[in-house]
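# Observations on chain architecture
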Amino acid sequence: MTTNKLDRRNFLKASALIGGGLMLEFNLGSMVNAEELGTLVGSKELNVFVKIASDGKITIYSATPEMGQGVKTTLPMIIAEEMGAKWADVEVIDAPLDAGKFGMQGAGGSTSIPRNFDTMRKMGASAREMLIGAASESMEVERKELEARDSAVIHSSGERLTFGQLAALAVKQPVPDPEMLSFKDPRSYTIIGTTVGGVDNLVIATGQSQFGIDVDIPGMQYASYTRCPRIGGTVIGFNEAEITKLPGITQAFILEPDERAGLASMSFLSGLAVLRGGVAIVGEDTWSVMNAKSKLRVRWNESDASRDDWEQMTLQARQIADKGDGEVTLEGTNVDKAMADNNNRTLESFYQFPYVAHVCMEPMNCTVHFKKGNGSQPDTMELWIPSQFPGQVKEIAENMLGVKKENVKVNPTRMGGGFGRRAVHDFASEAMAISHRAGVPVKLTWTRTDDIHNDFFRVGGFQNMKAAVDQNGKLAAWNQHYIGFAKEGKPVIGSGLRGNEFSMVALDNARVSQTMMPVQTPCGAWRAPGSNTNAFVEQSFLHELSVLAKKDHVEFLLELMGTRRWTKEGNVNALNTGRAIDVIKRAAEASGWGRSMPVGTGLGFSFYFCHAAHVAEVAEVSVDENRNLRVHKVTVAVDVGPIINMSGAISQVQGSVIDGLSTMAMQQITMKDGIIQQDNFDTYPVMRIAATPEVDVHFIQSDNKPTGLGEPALPPLAPAVTNAIFAATGTRVRSMPLSEQGFKLV
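The notes below deal with the structure included here. Per-chain numbering applies: the sequence of each chain, read as written, is numbered from 1 onward. At least 70 in pLDDT is required for a residue's local features to be given in this predicted model, at least 80 for side-chain atom pairs to be given and counted, and no such filter applies to totals for whole chains, interfaces and linings, which use all residues. Based on all heavy atoms of the structure, the side-chain values leave hydrogens and waters out of the count.

### Some remarks on the sheet that holds strand S10 (residues 160-162)
Condition: Pairing between two strands requires that DSSP report at least two bridges joining them. Helix and strand definitions follow DSSP, with helices as H or I runs of at least four residues and strands as E runs of at least two, each counted in order from the N terminus. Only the contacting stretch of a helix is used when fitting its axis, a line to C-alpha atoms as for every element, and angles between N-to-C directions run 0 to 180 degrees.
What the 3 strands build is an open sheet, ordered S8-S9-S10; its pairing is antiparallel. Edge positions in the open sheet fall to strand S8 (146-149) and S10, since each of these has one partner strand only. Going across the sheet, the axis of each strand differs from the next one's by a mean of 20 degrees, ignoring polarity. As paired strands, strand S9 (residues 152-155) and S10 are joined by 3 bridges and run antiparallel to one another. Directly across from Ala 152, in S10, lies its bridge partner Thr 162.

Right, dumping it as structure tokens:
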């Protein structure tokens, strides 16, 4: 696709559709700098279509993958608001995967809103200005006398023309200069900031929405894939004759490992989607292949396979902590002096947190139809996949099988959960290789055990914490030793500290060091990577220090924040202590912090900053003599700037709290001699609905730019709960999950 230049900027091209409607095609590649957001997505270009039909129907295409975060509703709301449309006139449709039109289509890192907010406003404002231009020409009046609202352009006299009536003429208007666009006063918003139900709510509730697991295409067969239980093992042989004789089975074969599938232009995905050796079974239905899978007897070559062992890792981490600090990544001015000062009180605590799995409710799956070319016809491939970065699978097809990207068609489907797992396409590599070898279209569906054993886990780890408080109860020194994991000498995703994260940026005298242990178990992005465990450690330890200092914890946190300031002036991704103070105070007030609590109950407070969001949470819990734990209520105060869709925002916070509670209460992945010990929900439980607490959400809608909500409300949950347990029982929790400490969530 080519783009018009306007004042040396790529902006937009307007073109008429057959039938006399208006379609605006926006090309805004230079307007979004995703690198400034530190995002998983890394997108530099996003093109979205807005179509107005002559009957007044407004179609907005959504190009960002939807996995429950609500962007299919929220982003079109911004366009509709600036256009002056009525939401009831809008229909939102999934855009096809088309890098030429839409750039890289991906979702992750809580960045969909901050990356796209200004872009969506410009799209809407440009459409509005062209509609006003058409009305000015039609009514023969000045533009300044016109206003766009309620899907019409209205003259000060009351005369009005609907968007549908103006569509054919609007497309002929000159494209507005983006620098001259004006945006609506937020006080006049009629869509942004309101509660809007998800555009797909009805189809989901009635079972009409197509997830990847729902795909069914003509001639499709079904597939399973079995890898070595130990990472890195390969197949020597299997009981092929027995398997192929089973009812409904058409083929069974070995696939050799293929590193080429792991090549990726997105650096954080490099090496992750490699095809691991295994046994593929293809058959006429899901039951047949699953039945055959259960009867497999595979001989494995495990000479280079993983021997990771969580119990041994834990012992090794303790030994490392006893030896002292690791490689220093941040050095304070006089940490040792403050720690040695006899007038100061010191504290040392060892924290640990486990590996955990994603367990998306929809297990990994992918449908692939590989077609072998003949003569002048090239090989082609079509895929149906629930993916956070669906375009990336084209690279896999080309690198592994030689199918050119232009000959690969990808049909993204809705995802039944993502959380970072569906950014990695190892399951797609398997499906492609199976269809290529079998010569038929196949749908590969993992079992729940496959989904757990083959995960890219949230990395576990350990932190040895030391600190000193002075005679006035003020934090005098902080020494944080992170003991984590690395693969091929490089820390895995979510492991290690650079020293520029929160909480360290708020501390005057801090030392941060790290020691990495080798690991073969695959690790990947898991909802709020790094922050999801660092918050537990740091905010729990800060509470230990406030107790040591004999100070109210909220007062201790407020003192820590100091004066209202940016830690990096004007950088939305940097801590703003003023915003932090505001959410801390709001959460304290809304929760009734400081009130007298009955015996066996307690309030726990935490604050955390990540993903450009300032979030404070208060957990109210009760614990009986048998350590039955009930989390009655979680109060959350959030500043992510203006809220676009109140319904979606509340849902994101509630979901984060529930996910965080389920994870910290009962979930862990352990490895023994390289084998994952958890198989299904009997050994890897999730929280049941009866244990769900009330979640009371409060937004501070500051004037800052809006940022994302998919992740930042999860990290503060764990320390809020553990601090509340201490308030209720006097027992300090320094290890997750709670079930390993004898607590049962009820």
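### Focus: the side chain of Glu 129
The line we're drawing: Here a polar contact is taken to be a pair of N or O atoms separated by no more than 3.5 Å, where protein atoms must pair a possible hydrogen donor with a possible acceptor and residues adjacent in sequence count only if both atoms sit in side chains. Throughout, a residue-residue contact means that at least one pair of heavy atoms, one from each residue, lies within 4.5 Å.
With respect to the helices, strands and loops of the structure, Glu 129 is situated in helix H3 (residues 112-139). At 3.2 Å, the side chain of Glu 129 forms a polar contact with the side chain of Arg 128. Not counting chain neighbours up to four residues away, the residues in contact with Glu 129 comprise Arg 143, Pro 176 and Leu 181.

### Some thoughts on the nonpolar core
Counted only if it meets this: Residues grouped as a nonpolar core are buried Ala, Val, Leu, Ile, Met, Phe, Trp, Tyr and Cys residues, joined through side-chain atoms within 4.5 Å. Relative accessible area decides the class of each residue, using a 1.4 Å probe on protein chains only: under 20% of the type maximum gives buried, over 50% gives exposed, and in between gives partly exposed.
Among the nonpolar cores identified, the biggest contains 83 residues, and Trp 478, Phe 607 and Val 721 are the most heavily contacted of them. Here this core takes 8 residues from helix H16 (residues 646-666), the largest share from any one element. Excluding its chain neighbours within four sequence positions, the residues that come into contact with Phe 607 are Phe 502, Gln 539, Leu 557, Met 561, Leu 575, Ala 580, Val 583, Ile 584, His 614, Val 615 and Ala 616. Judged by nonpolar contacts, the second largest core, of 38 residues, contains Ile 60, Met 83, Ala 148 and Val 153.

### So, the packing of aromatic side chains
Keep this limit in mind: Only centres within 6.5 Å qualify two rings of Phe, Tyr or Trp (six-membered ring in Trp) as a pair; their planes then separate them into stacked at under 30 degrees, edge-to-face at over 60, and tilted for everything else.
Applying the stated criterion across every chain yields a total of 13 aromatic pairs. Centre to centre, the rings of Phe 268 and Phe 389 are 5.8 Å apart; their planes meet at 70 degrees, and the pair counts as edge-to-face. Of this pair, Phe 268 sits in the loop between strand S13 (249-255) and strand S14 (278-283) while Phe 389 sits in the loop between strand S19 (380-385) and helix H10 (393-401), and the two are 121 residues apart along the sequence. Given the relative accessible area of 24%, Phe 268 is considered partly exposed. The class for Phe 389 is buried, based on a relative accessible area of 1%. Here the aromatic rings of Phe 427 and Trp 446 are separated by 6.2 Å at their centres, their planes lie at 75 degrees, and the arrangement is edge-to-face.

### Description of helix H11 (residues 426-438)
Cut-off, in case you're wondering: Multiply 1.5 Å by the residue count of a helix minus one, and that product is the helix's expected span.
Taking 1.5 Å per residue as the helical rise, H11 with its 13 residues ought to reach 18 Å, and the 18 Å between its terminal C-alpha atoms agrees with that figure. When you tally the buried positions in H11, you get 11 out of 13 residues, the bulk of the element. When we look at burial in H11, the residues that qualify are Asp 426, Phe 427, Ala 428, Ser 429, Glu 430, Ala 431, Met 432, Ala 433, Ile 434, Ser 435 and Ala 438. Gly 439 sits one or two positions beyond H11 and adopts a positive phi of about 75 degrees.

### Here we look at the environment of Leu 560
Mapped onto the secondary structure, Leu 560 falls in helix H14 (residues 553-561). Since its relative accessible area comes to 15%, Leu 560 is described here as buried. Spatially, the C-alpha atoms of Leu 560 and Asn 628 are 34 Å apart, while their sequence positions differ by 68 residues. Leave out the neighbours within four places in its chain, and Leu 560 touches Leu 475, Ala 506, Leu 507 and Leu 542.

### What about helix H1 (residues 71-83)?
In a regular helix each residue adds 1.5 Å, so 13 residues correspond to 18 Å; H1 covers 18 Å between its end C-alpha atoms and thus fits that length. For H1, a buried count of 13 out of 13 residues is recorded, marking the element as mostly surrounded by other parts of the structure. In the stretch just after H1, Gly 84 is the one whose phi turns positive, near 90 degrees.

### Description of unusual backbone geometry
Between Met 736 and the following residue, Pro 737, the backbone shows a cis peptide bond with an omega angle of 0 degrees. Unusually for a residue other than glycine, Ser 151 sits at a positive phi of about 60 degrees. Mapped onto the elements, Ser 151 comes out in the loop between S8 and S9. Ser 151 sits in the buried class, given a relative accessible area of 6%. For Phe 419, which is not a glycine, the phi torsion comes out positive at approximately 60 degrees. Residue placement: Phe 419 occurs in the loop between strand S20 (408-412) and H11.

### Thoughts on the packing of helix H13 (residues 531-548) against helix H17 (residues 717-729)
Angle between the axes and distance between the axes are the two parameters that describe a pair of packed helices. Rule in force here: Left-handed describes a crossing whose near helix is turned anticlockwise from the far helix by less than a right angle; the clockwise case is right-handed. Under the grouping applied here, Gly and all other residues not named as nonpolar or charged are polar, the nonpolar ones being Ala, Val, Leu, Ile, Met, Phe, Trp, Tyr, Cys and Pro and the charged ones Asp, Glu, Lys and Arg.
The contact between H13 and H17 brings their axes to 8 Å, and the two run at 35 degrees. Seen along the crossing, H13 lies across H17 with a hand that is right-handed. Contacts between H13 and H17 pair Ala 535, Phe 536, Gln 539, Ser 540, His 543 and Val 547 from the former with Ala 718, Pro 719, Thr 722, Asn 723 and Phe 726 from the latter. Grouping the constituent residues of the contact of H13 with H17 by class yields 6 nonpolar, 5 polar and no charged.

### Regarding the side chain of Glu 82
Within the secondary structure layout, Glu 82 lies in helix H1. Since its relative accessible area comes to 0%, Glu 82 is described here as buried. A polar contact of 3.2 Å, which involves the side chain of Glu 82, links it to the backbone nitrogen of Lys 184. Every residue in contact with Glu 82, bar those within four places of it in the chain, is listed here: Arg 121, Gly 124, Ala 125, Arg 128, Ser 182, Phe 183, Lys 184 and Tyr 189.

### Considerations on the pairing of strand S7 (residues 90-94)
Across 5 bridges, the pairing between strand S6 (residues 58-62) and S7 is parallel. Within the sheet, the bridge partner assigned to Thr 59 lies in S7 and is Glu 91.

### Some thoughts on the state of the cysteines
What counts is decided by this rule: Any pair of cysteine sulfurs within 2.5 Å is marked as a disulfide.
On inspection of all chains with the given rule, the structure shows 0 disulfides. Not engaged in a disulfide, the cysteine Cys 228 finds its nearest cysteine sulfur in Cys 523; these two sulfurs lie 18 Å apart. By relative accessible area, which is 7% here, Cys 228 ends up buried. Here Cys 610 stays unpaired: no disulfide links it, and the sulfur of Cys 360, its closest cysteine neighbor, is 19 Å away. The exposure class of Cys 610 is buried, given its relative accessible area of 6%.

### Examining the packing of H14 against helix H15 (residues 577-591)
In plain terms, the rule: Any angle between 65 and 115 degrees counts as roughly perpendicular, while under 35 counts as roughly parallel, over 145 as roughly antiparallel, and the rest as oblique.
Packing of H14 against H15 brings their axes to within 9 Å, and their N-to-C directions diverge by 170 degrees. Taken together, the axis directions place H14 and H15 in an arrangement best described as roughly antiparallel. Two secondary-structure elements touch here, H14 through Val 554, Leu 557, Leu 558 and Met 561 and H15 through Thr 577, Ala 580, Ile 581, Ile 584, Lys 585 and Ala 588. A breakdown of the residues in the contact of H14 with H15 according to their chemical character gives 8 nonpolar, 1 polar and 1 charged.

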